[in-house]
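Listed below are the residues making up each chain.
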Amino acid sequence: MTSVNVDQLSSTDSDSAPLLETKKLTRHFRVGRGLSRKMLHAVDDVDLTIGRQEIVALAGESGSGKSTIARLLAGVYKPTDGEIYYQGQALSSMRSRRDQLAYRSDVPMVFQDPFSSLNPAFRVSHGILRSLKLHRTDLTRSQRYDEAERVVEAVGLAPAGEIMHRYPYELSGGQRQRIGFAQALAHKPKLILADEPVSMLDVSIRIGLLNLMAELRRSEGVSFLYITHDIASARYVADRLVIMYAGHIVESGPTESVLANPKHPYTDLLLGAVPDPRAPLTAAVEGDTGEPPKVIDPTPGCRFRWRCPLVVDECHHITPTRRRLGDNHDAACHVAQPDPGEENLAAR
Amino acid sequence: MPKPILEVRDLTVEYDTGDRPVVAVDAVDLDVHAGEFVGVVGESGCGKSTLLFAIAQLLSSPAAITGGSVRFQGQNLVAMSETKLAALRWRDFSVVMQSAMNALNPVKSIGGQFKDAIMAHDEPVTDDRPAEVLRLVGIDPIHLKSYPHQLSGGMRQRAMIAMALLFTPDLIIMDEPTSALDVVAQRSLMVQIKDLQQKLGFAVVFVTHDMSLVSHFSDRLVVMYAGQVVELGATRAVFDNPAHPYSKGLLDAFPSIRGPKVPLTGIPGSPPNLAHPPSGCRFHPRCPVAFEDCPKIEPELYQVGSVQARCLLHAPGQTHAADPIREATS
Amino acid sequence: MSAVVAGASAPVSSAARRPRGGLLRAILGNRKAVAGASLLLLFILLAAFPHLFVPWLHGDPRAIGDVPLEGPSGKHWLGTTGLGQDVYAELIYSTRESLLIAVGAGAGATILSVLIGVSAAYLGGLADDGLSMLTDIFLVLPTFPLIIVLATYAGKGNLTVIIIVLILTGWSYGARQMRAQAMSLRNRDFLESARVRGERRSYIIVVEVLPTMLSLIVANFLGAALYSVLTAAGLQFLGLGDPNSLSWGTMLYWAQNQGALVNGLPAWALSPGLAVALLGVSFALLNYAFDEISNPALRPVRRRRAKANS
Amino acid sequence: AGCGGGDKPIGNAASSTPPASTSTGGAGSGAYKKGGTVTIANVGGQTWPCQFNPFNPSVNQASNGFVYEPLTFVNVLKNGATTPMLATAFTWSANKDSITFTIRDGVKWSDGQPFSADDVVYTFNLMKQQPALDLYSLWTGAGLTSVAASGNKVTLKFKAPAEPYFFNFANQVMIVPKHIWSTGEAASKPATWANAKPIGTGPFTIGSCSANNIEYLANGNYWQPGKPYLAKVEYPAYLDNNPANLDLASGKAQWGGQYIPNIDKFYKAKSPENNYWFPPTANVAIVPNLDPSHKASSKLAVRQAIAYALDREQISKIGESGYQPAANQTGVVTPTFDKYFDKDALTAAGYDKPNQDKAKQLLQSAGYSSSNPLKLSVITVTGYTDWDASLAVVKQQLAAVGIELTVQDLQQQSFNQKLYTGDFDLAYYSQPGGPTPYYELRQLLYSKNSAPIGKQASSNYERYLNPEVDKLFDQYASADPDTQVKLIKQISGYMIKDVPLIPTTESVDWYQYNTKDIDGWPTQDNPYAQPAPYNIPDVGQVLANLYSKSAQK
Amino acid sequence: MRYLIRRLGFFALTLWAAMTLNFFIPRMMPGSPEQALRDRFSKGGSVVTPEQLRTVLAEFGFDPGKNLMLQYVEYLKSMVTAHWGVSIGSSLGVPVTQLIGDALPWTLGLVGISTVLAFALGTLIGTIAGWRRGGLIDGIVPPVFIVTSALPYFWVALLLISLFAIGNNPVLPNDFNYDQGLSPGFNGEFIGSVIKHGILPAATILITAVGGWILTMRNNMVTTLAEDYVRMARAKGIPNRKIMFGYAGRNAFLPNLSGFAMSLGFVISGTILVEYVFNYPGLGYMFYNATVSTDYPLLQALFLLVTLAVLICVLLCDFAVFLLDPRARTKG
Ligand SMILES: Nc1ncnc2c1ncn2[C@@H]1O[C@H](COP(=O)(O)OP(=O)(O)OP(=O)(O)O)[C@@H](O)[C@H]1O
Ligand SMILES: Nc1ncnc2c1ncn2[C@@H]1O[C@H](COP(=O)(O)OP(=O)(O)OP(=O)(O)O)[C@@H](O)[C@H]1O
Ligand SMILES: [Mg+2]
Ligand SMILES: [Mg+2]
Ligand code: NI
């Protein structure tokens, strides 16, 4: 690992260690059937750190590997390569059921698709109550129920008692999404992996949930990995913004810094595409069709090179690594310019 | 101003659910002029798609038009026979559906689906017209041989739009054509649509629940709430000075990537159940500025400056309050 | 079996929309379901208390009378058999066995389908290949001859044997469907969600997966029950059942062998078949009703006012 | 008695005239004009394989009698009266261990070749060379040692007196043409040879054959002058009774060998020309397992109790609709074998009518009571529905005296397995008989036909072992006719005394005939042959005598 | 392409496994060919020893004493090389190929045609009923066919016989495949007779089988009609008939097709009863007969035939789906 890890460097001491850290996290999927050996590189060499009480927003193109990262962190997928450290302890070393339960209790996940993430055969309270039963063994049955009611109300579903008694098919997509969120809140976790938790909500309700995230972070110290397409909402809640493209993290930095001063051309393109009624239309992206790349058996080189307006020769042969280009702000691009004060750091 | 090509009057659509009918579109009036880009926004479930399908006469049971008329180029589509409609469809107005994955027949090639449309009409189009329109939306005509599942989401949407352009109709109705796409792809597609519209001069009715999306592209904006049009006017005018508390709420709930970071509040409460809509003003249970008349009197669309809004605050002779925002905080 | 296990084609997601608390209400609200359920209820009553329906026989439907081969009359509503037995009484008393076969074989085949289908889907890999193949083999084996072979082998007539045979030959169709559905469930997020929550594998299969498939399981049970009734009747009609048992198929066998039809006694020849058919109809009705309940799109629509869309 | 055929006991010089043709008497050979067709409705349960190998019992029903003929016809219904066929006469040696047939002159095979004593010798020797063809175990069981011809005489020599085998070798062995069977596949594999175009001496030849139907055409070369009268015989392959019965009732088929339920209403009432006659030939009996390992059935008192409890008339009336007459405990089928029937012995033992009290009393003596009821099960064959019906009646009758009977219907194969190896309490069973009661009784009671439990018995399935009875059978072979009658009566006595079998009804030949166009049928008054179309070779006798009324005009 | 090879591999493997079962299952039945033969012999009055029975069977190519594994190997060889031997059951000595050859055309003609007809008709009616959902056809047809699909085959057969074939002036024949007096040939009379004899059995199969297809097709159709692309087709102004068949029908048909292949085994089984009741000399009855007479060679060949037929049909339907559905094509 070279210079590029921007946040405080990892330490083995669990107190000073970041809440969660990944090193060279990689996940490939086999595609095609039978004897096909083609590999889809969903996530490649990802180093990601989430601090305590931090909201990290993860944005990027559809299919760039955001959900895959969340699923890796939640233990749904096993990494092809690399390692995840939770409070300094490697996930792969947690083998006993107790360790695993403890981790699952601390790090729940909100799934992206609310239509498939609730079991249609059970009332929506099922998942919440099960979580409580597994992770809050101190509670009695009725306490669990009260607790469930509390979190359902917290995500803005009222009357909570009635909603909890419904079956998923009786709820709208937005309502289901909030149930998923409530489920993650239920047992006082340390880090919530929220995979596009507000995508189906109307703007108005969306804001309520974003405010809830901020509030939770403030009052209970919960960290978030907030995956979203909606950069504006990321700006609204997140401390740090991480941009992915085709399995790589291409840029990462404090939210305001990234928005104000994007280093990677893809970030530029992405920001330009975000519609904003308050801002005039920018004609930045003429000609780009927005087609995501296929990351099947990639060759070295920048994965954005075909769409990049600034492409140089180097981009075709060398995969760029992340460099520090500003205050806590780094990007993986051969041509990106560092902030004035950061040249020395960027030099290799 | 010339006569509009599409005049929707008093259009009402009900879903038959067994017990109480759901009135998904409630007495909607709407004019669309030639070459105009009309955006229809509103939260999900407020009846936008239903309205579009009602205009295109594409509703199928349990939905049915129970009142009103849809005049297209002077003819009432509601009363028209299916055969006559079939002749009109696609040639004069076409439809782009919400999700191209489902709207394209998965077992037919793109070219085959073009051919079906051509065979259904005796339009004098040349054989390479499909290739031409595909190129127009930026797809290699080689994909005429492809099947839908072989194309990416963006390409499918483009192919749909290309198909809609086949006979260069006067009106294209689009139902959230970009909601399944990535922001970048969405943006690129919107730019292209706008471009084509300006080039070819067709009118567009464009449905979405993404306020920000229409802000850049539409000429006129229709805001729907619970099956009703609650605000109607030039896009800029609505955005600059929303007259209905719901429109205002929508705009206020919008974080922005530019400008100062301000705390935002959403609209409390949840969308109404259309089978049992609230009495009076349908927005009143969630309205920050509701007053005692709201649950009792059903508002109409009142003229407010250059826009129309369905809010009792703007009813002629209303003295209740002059400034809604102030009212909310007092 | 008439090839149709309803629900075969119902979209997988249909299972997802099954009302549970309101199941009874849903059934009561569906005309097919009401008809099917009342028919079934009637048969259950007949099976449980046959003597109530033929009180004058004092529980012996097999009593040999002295007017053989007689047409329907006030005394013998459906006539008499070649041994002078009352056809109506036999008909009523035969309900029990047919119902037992339907329910027993239906349930057995369904359990086997679920076990094999779901295991195949869930275990994946080699186990899946093996189990799928087993399913396919049983699917292509000539069913009826196999039944004949098994029935003769196992010492025929015995009710349990017939039920086992029907289970053995009837499970494969359902297992294929179960596997397909379980496959589609395998990567559904709610299972992942349960795993992330920290649930054990066994809990997930039993508590999270099976209830989700309930609608298919019910449909499968009804289909298998229908198949069992028809096939068992066919077997007995061919004389592969126990000719001394009281069942509709056996009655038909006797009617056929004693020339009921050619002797102008259609009531004897046709009424047991009608009973089989009615029991079958009740299962089929319930089956299709379940389809409708779980997939509202299939419900019949009321005629609408003129201009809807066509 | 009819003309010609003669009522002579086996062994006497036979008359040289062929069997008579009509029941009205009078009309002699050649009295009828030729023409007409008869259609047979007899369920074979399979489609026709179109093979006519007379040595293959699975297919020879369609050829024996039709195409192939025996040396002498033995009439079961007339106490074994003989009719000369391919042999004009026969003579036994004094101790009946050698018999000489005089072979008929002027007979031609249907291909025009002359028939001779060589063919007869060839046929018998073929059976010796190919044991698979020796269906009656003549060379092995009956002790045949040589068959030789000299001129038109053929002599069969046996190790021991062989009169009981006369029925087999004279009546059941079909003579085949040497010139066909000594060449090609017929010679190399006579057992499996299909013989699709059989050459025989019989009244008919195969016209055409399909899986559905065999069409026979009159044999122009037939040796009986003027015969056959009919031009054609149609023999469709019926798979199941119902369609065959329907076709008989409608007159579509004129000759049936069917069990027809409710026959008077269903068949007879349909037309005055529809007739039936069911001559009894053997017994249907409850076969008790006499092996001591079967506690109840091996007890004499139990068997007697059953025999007393049964009301055979009722079994016959309800179970068999009266078509099969009631049997009696002597085992002698009446009226067919009245001559051998010892009515007095039957009455003396009290078996002439049911006696429930006696039965109950016997049961009590054997230690059974209402608190310790006798439970027995009886095996029977699935598909024999009349037996099922009879057993339902039996069950009810036995219940009346306190015996609980369970009826177990078994598929033929399982039934055989159990029957042969002795794995049953009671079995319901019937064997084909012969021209005298000797044949049936010997099969059932002779100890050599038995086997230990677990081993396959050949026909004495109840495992009755009585040296005295064996001795009586042994004496029969060389006895004169009167002694034979006495011997049978003595054996009947053991039937009454030991109750080794409990006959219930008498199995009959199912036979329906329609006289609208066809006549010349065997009847009760003129029983010139067993009348069912499945009786071979009797079917040949009937076919040669049938004529079409319409062809006479 | 890999998909096709996989399918073929599956085909071979399943066939082998099914054939193995087909070999062992009959041999587990009670009784044996010897006993069956003995039984038939003794009915004709012959008395033969067990050795003799064995010689007879050996003459016909069946050696009961032979080691079972050896028999199995020979069986596999003979099945593959189509040397199916001769019957050792009630048609003792008749080549199995001849027996099957006689019966097969009739079964194919009757059962094949009426099954396919039922499928085609059911699909067509189902398409229309689904299309006119809530219409008159849809109101009547599905309920009626729910009832008919639950009727037992043989019962319908008996009913038809009692309605049309018996009584004072029967309209149609109740048995056989053609009038006995006729000789097969390509003449009007014969063909007419064949058709007349086929009407009732075919009607039986049609009545009981068509309902299932109607109902599944209708339900598929209803689900398909709710798809956006159907609405889209209407939006394009494509004529209704074309949408009904070309868009909705075709897509709804695909799942039905594999269902058809899968259910073929059941169909074949059901026809045994039809052939039995109508005395129709086809394979179904032969199957029954071969089973009850322990006719191993015939049974084996029949088993093979049916297994093959169903397997091939499954395979063909797979290929058809493969051709009709481009999605399946690229999956592999
Ligand atoms: N189980 C899987 N098997 C095979 N490929 C997968 C699997 N899961 C994800 N992928 C592939 O990995 C890539 C990344 O997928 P991922 O879901 O992480 O994207 P994402 O960034 O979350 O996209 P979106 O914004 O659409 O949710 C995609 O190309 C996807 O097709
Ligand atoms: N089949 C139906 N039966 C009853 N109600 C229905 C049915 N289909 C739609 N609705 C109701 O009609 C209303 C309008 O639906 P519509 O699809 O037009 O909404 P929309 O504005 O397009 O929403 P979205 O933005 O989610 O597409 C909704 O409240 C919905 O619940
Ligand atoms: Mg994702
Ligand atoms: Mg919509
Ligand atoms: Ni208001």
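Residues numbered from 1 in each chain as written. Chains lettered and ligands numbered in written order. Predicted model: local features only at pLDDT ≥ 70, side-chain atom pairs only at ≥ 80, totals over all residues. Heavy atoms only, no water.

What about the coordination of the magnesium ion (ligand 3)?
Six octahedrally arranged donors around a metal ideally form angles of 90 or 180 degrees; four tetrahedrally arranged donors ideally form angles of 109.5 degrees. All names here are of chain A. Applicable threshold: Metal coordination here is assigned from N, O and S atoms located within 2.8 Å of the ion, or within 3.2 Å for Na, K and Ca; omission of water means that sites may look incomplete. Helix numbering and strand numbering both begin at the N terminus, where a helix is a DSSP run of H or I of at least 4 residues and a strand a DSSP run of E of at least 2. Burial classification: accessible surface area is computed with a 1.4 Å probe over protein chains only, and a residue below 20% of its type maximum counts as buried, one above 50% as exposed, and the rest as partly exposed.
With distances of 1.8 to 2.1 Å, the protein atoms coordinating the magnesium ion (ligand 3) are Ser67 (OG) and Gln112 (OE1). Residue Ser67 is located in helix 1 (residues 66-74), and its partner Gln112 is located in the loop between strand 6 (109-110) and helix 3 (125-135); the two are separated by 45 residues in the primary sequence. Owing to a relative accessible area of 31%, Gln112 belongs among the partly exposed residues under this scheme.

Remarks on the site of ligand 2
Residues and elements named next belong to chain B. Counted only if it meets this: Only a single heavy atom is needed: when it lies within 4 Å of a molecule or strand, its residue is near that molecule or strand. Identification of polar contacts relies on pairs of N or O atoms within 3.5 Å, with a donor-acceptor requirement for protein atoms, meaning one able to donate a hydrogen and the other able to accept it, and with residues adjacent in sequence counted only if both atoms are side-chain atoms. Residue burial considers only the protein chains on display, and all accessible areas are found by Shrake-Rupley using a 1.4 Å probe. Under the convention adopted here, Pro, Cys and the residues Ala, Val, Leu, Ile, Met, Phe, Trp and Tyr are nonpolar, Asp, Glu, Lys and Arg are charged, and Gly plus all remaining residues are polar.
Around ligand 2 lies a shell of 15 residues, among which Gly45, Lys48, Ser49, Thr50 and Glu176 are the nearest. At 2.8 Å, a backbone N or O of Gly45 approaches an oxygen atom of ligand 2. For ligand 2, the protein covers 67% of the area, taking 640 Å² as the surface of the free molecule. At 3 residues, the largest contribution of residues to the shell around ligand 2 is made by helix 1 (residues 48-55). Its residues assigned to classes, the shell around ligand 2 shows 5 nonpolar, 8 polar and 2 charged.

Side note on the site of ligand 1
Residues and elements named next belong to chain A. Among the 15 residues in the neighbourhood of ligand 1, the closest are listed as Ser62, Gly63, Ser67, Thr68 and Gln112. At a separation of 2.8 Å, an oxygen atom of ligand 1 approaches a polar side-chain atom of Lys66. Between ligand 1 and His229 there is a distance of 3.0 Å, counted from an oxygen atom to a side-chain nitrogen or oxygen. Considered on its own, ligand 1 offers 630 Å² of accessible surface; in the complex 66% of this is hidden by protein. Where the shell around ligand 1 is concerned, the elements lending two or more residues are strand 2 (39-50) and helix 1. Examining the composition of the shell around ligand 1, we find that 3 residues originate from one element, helix 1, more than from any other. In terms of residue class, the shell around ligand 1 is built from 4 nonpolar, 8 polar and 3 charged.

Considering the interface of chain E and chain B
In plain terms, the rule: We call two residues in contact whenever any of their non-hydrogen atoms come within 4.5 Å of each other. Buried area: the accessible surface (1.4 Å probe) lost by two parts on joining, summed over both. Throughout this description, the term salt bridge denotes a Lys or Arg side-chain nitrogen within 4 Å of a carboxyl oxygen of Asp or Glu.
Counting residues at the interface gives 23 residues for chain E and 30 residues for chain B. For chain E, the biggest contributors to the area lost against chain B are Arg231, Arg234 and Lys236 of chain E; these three give 27% of the whole. The interface formed by chain E and chain B contains 2 salt bridges. With a closest N to O distance of 2.7 Å, Asp116 of chain B and Lys242 of chain E form a salt bridge. Applying the counting criterion to the chain E and chain B interface returns 9 residue pairs in polar contact (both at pLDDT 80 or more). Among the elements of the structure, helix 9 (228-235), helix 10 (240-277) and helix 13 (326-331) of chain E are those that each provide at least two residues to the side of chain E that touches chain B. If you tally residues by element for the side of chain E that touches chain B, the top one is helix 10 of chain E, at 7 residues. Taken together, the residues that form the side of chain E that touches chain B break down as 9 nonpolar, 5 polar and 9 charged.

Side note on the state of the cysteines
All names here are of chain D. Which entries qualify depends on this criterion: Two cysteine sulfur atoms form a disulfide, by the criterion used here, when they sit within 2.5 Å.
A full pass over the atoms with the stated rule returns 1 disulfide over all chains. Across the disulfide, Cys50 is cross-linked to Cys209 (sulfur-sulfur distance 1.8 Å). Every disulfide takes its handedness from the sign of the S-S torsion; for Cys50 and Cys209 that torsion is -90 degrees, giving left-handed. Here Cys50, found in the loop between strand 1 (37-41) and strand 2 (72-75), pairs with Cys209, found in strand 8 (residues 204-209); they are 159 residues apart in sequence, far enough to count as distant. Take Cys209: its relative accessible area is 27%, and that puts it in the partly exposed class.

A word on the UniProt feature "transmembrane region" (unreviewed entry) in chain E
All names here are of chain E. Threshold: UniProt positions are given in the numbering used here, feature names are shortened, and annotations may be inferred rather than shown by experiment.
UniProt records the feature "transmembrane region" (unreviewed entry) for residues 106-131, 143-166, 194-215, 252-278 and 298-324 in the present numbering. Overall, residues 106-131 shows 100% helix and 0% strand. The separation of its end C-alpha atoms is 36 Å. Counted over residues 143-166, helix gives 79% and strand 0%. Its end C-alpha atoms are 30 Å apart.

Digging into the nonpolar core
Keep this limit in mind: As used here, the term nonpolar core means buried Ala, Val, Leu, Ile, Met, Phe, Trp, Tyr and Cys residues forming a set that is joined through side-chain atoms within 4.5 Å.
Core analysis: the largest hydrophobic core is formed by 180 residues, its most contacted members being Phe181 of chain A together with Leu171 of chain B. In terms of residue count, the dominant contributor to this core is helix 7 (residues 203-220) of chain A (8 residues). When sequence neighbours within four positions are dropped, the list of residues in contact with Phe181 of chain A reads Val110, Val155, Ala194, Pro197, Leu209, Leu212, Met213 and Phe224 of chain A. With 169 residues, the next largest nonpolar core counts Ile99, Val173, Trp277 and Val401 of chain D among its residues.

Here's the deal with the arrangement of the chains
Here 8 pairs of chains are in contact, and chains C and E lead that list by number of contacts. What separates chain A from chain D at the closest point of their C-alpha atoms is a distance of 49 Å, and the two make no contact. There is no contact between chain B and chain D; across them, the least C-alpha separation is 48 Å.

Concerning the pattern of salt bridges
Applying the stated criterion across every chain yields a total of 42 salt bridges over all chains. The partner of Glu7 of chain B in a salt bridge is Arg9 of chain B, with the nearest N and O atoms 3.8 Å apart. Salt-bridge contacts for Lys232 of chain D lead to Glu215 of chain D; the nearest nitrogen and oxygen are separated by 3.9 Å. Linking Lys232 of chain D in strand 10 (residues 232-236) with Glu215 of chain D in strand 9 (residues 213-218), this pair joins segments that are 17 residues apart in sequence. You can call Lys232 of chain D partly exposed: its relative accessible area is 29%. What emerges from the salt-bridge pattern is a single network uniting Arg71 of chain A together with Asp189, Glu192 and Arg195 of chain C.

A word on the side chain of Asp295 of chain E
For Asp295 of chain E, the location among the structural elements is in the loop between helix 11 (283-292) and helix 12 (296-324). Setting aside anything within four residues of it in sequence, one finds Asp295 of chain E in contact with Ser87, Ile88, Gly89, Ser90 and Ala290 of chain E.

Some details on a nonpolar patch on the surface
Applied cut-off: Exposure above 30% relative accessible area and no salt bridge define the residues that can form patches, which grow by joining like charges within 9 Å and nonpolar side chains of Val, Leu, Ile, Met, Phe, Trp and Tyr within 5 Å.
On the surface, Phe186, Ile191, Ile195 and Ile199 of chain E cluster together into a nonpolar patch covering about 450 Å² of accessible area. Inspection of the secondary structure puts Ile199 of chain E in helix 8 (residues 188-225).

Quick notes on unusual backbone geometry
Omega for the peptide link from Lys227 of chain D to Pro228 of chain D comes to -10 degrees, which places this bond in the cis form. Omega for the bond connecting Ile536 of chain D with Pro537 of chain D falls within 30 degrees of zero, at 5 degrees, which places this linkage in the cis form. Examined against the element boundaries, Pro537 of chain D turns out to sit in the loop between strand 19 (518-519) and helix 16 (538-545). Positive phi outside glycine occurs at Ala246 of chain A, with the angle close to 50 degrees. Mapped onto the elements, Ala246 of chain A comes out in the loop between strand 9 (240-245) and strand 10 (248-254). For Ala246 of chain A, a relative accessible area of 4% translates into the label buried. Its identity as a non-glycine residue notwithstanding, Ser137 of chain D has a phi of 50 degrees, on the positive side. Looking at the element boundaries, Ser137 of chain D is found in the loop between helix 1 (117-129) and strand 6 (144-150).

Some details on the sheet that holds strand 1 (residues 20-30) of chain A
Residue and element names in this part refer to chain A. We count it as follows: Strand pairing follows a simple DSSP-based rule, namely that at least 2 bridges must link the two strands. Axis geometry follows a simple rule: fit a line to the C-alpha atoms, using only the stretch in contact for helices, then measure angles between N-to-C directions, giving values from 0 to 180 degrees.
Reading across from one edge, 2-1-4-5 is the order of the 4 strands in this open sheet, with antiparallel pairing throughout. Each end of this open sheet is capped by a strand with a single partner; those strands are strand 2 and strand 5 (89-90). This element, helix 1, spans strand 1, strand 2 and strand 4 (81-86) of the sheet and lies at about 115 degrees to strand 1.

Quick word on helix 13 (residues 437-445) of chain D
Residues and elements named next belong to chain D. Burial runs high along helix 13: 8 of the 9 residues are buried. Within helix 13, burial applies to Pro437, Tyr438, Tyr439, Glu440, Leu441, Arg442, Leu444 and Leu445. Among the structural elements, helix 2 (166-172), strand 13 (280-288), helix 14 (467-476) and helix 15 (481-498) are those in contact with the buried residues of helix 13.

Structural notes on the packing of aromatic side chains
All names here are of chain D. Heads up, the condition is: Each Phe, Tyr or Trp ring (for Trp, its six-membered ring) is paired with any other whose centre lies within 6.5 Å, and the angle between the two planes then decides the class: stacked below 30 degrees, edge-to-face above 60, tilted in between. By the criterion adopted, a ring carries a charge over it if an Arg CZ or a Lys NZ lies within 6 Å of its centre and within 35 degrees of its normal.
Tallying each qualifying case throughout the model produces 71 aromatic pairs over all chains. Taken together, the aromatic side chains of Phe90, Trp92, Phe101, Phe158, Phe166 and Phe169 make up a single cluster linked through ring pairs. Over the aromatic face of Tyr446 sits the side chain of Arg442, whose NZ or CZ is 4.2 Å from the ring centroid.

A word on the packing of helix 6 (residues 173-185) of chain A against helix 7 of chain A
All names here are of chain A. Defined as follows: An angle below 35 degrees is read as roughly parallel, one above 145 as roughly antiparallel, one from 65 to 115 as roughly perpendicular, and any other as oblique.
Look at helix 6 against helix 7: their axes get within 12 Å of each other, and the N-to-C directions meet at 10 degrees. In this view, helix 6 runs roughly parallel relative to helix 7, as classed from their interaxial angle. Of the residues in helix 7, those in contact with Arg178, Phe181 and Leu185 of helix 6 are Ile205, Leu209, Leu212, Met213 and Leu216. Class assignment of the residues belonging to the contact of helix 6 with helix 7 gives a composition of 7 nonpolar, no polar and 1 charged.

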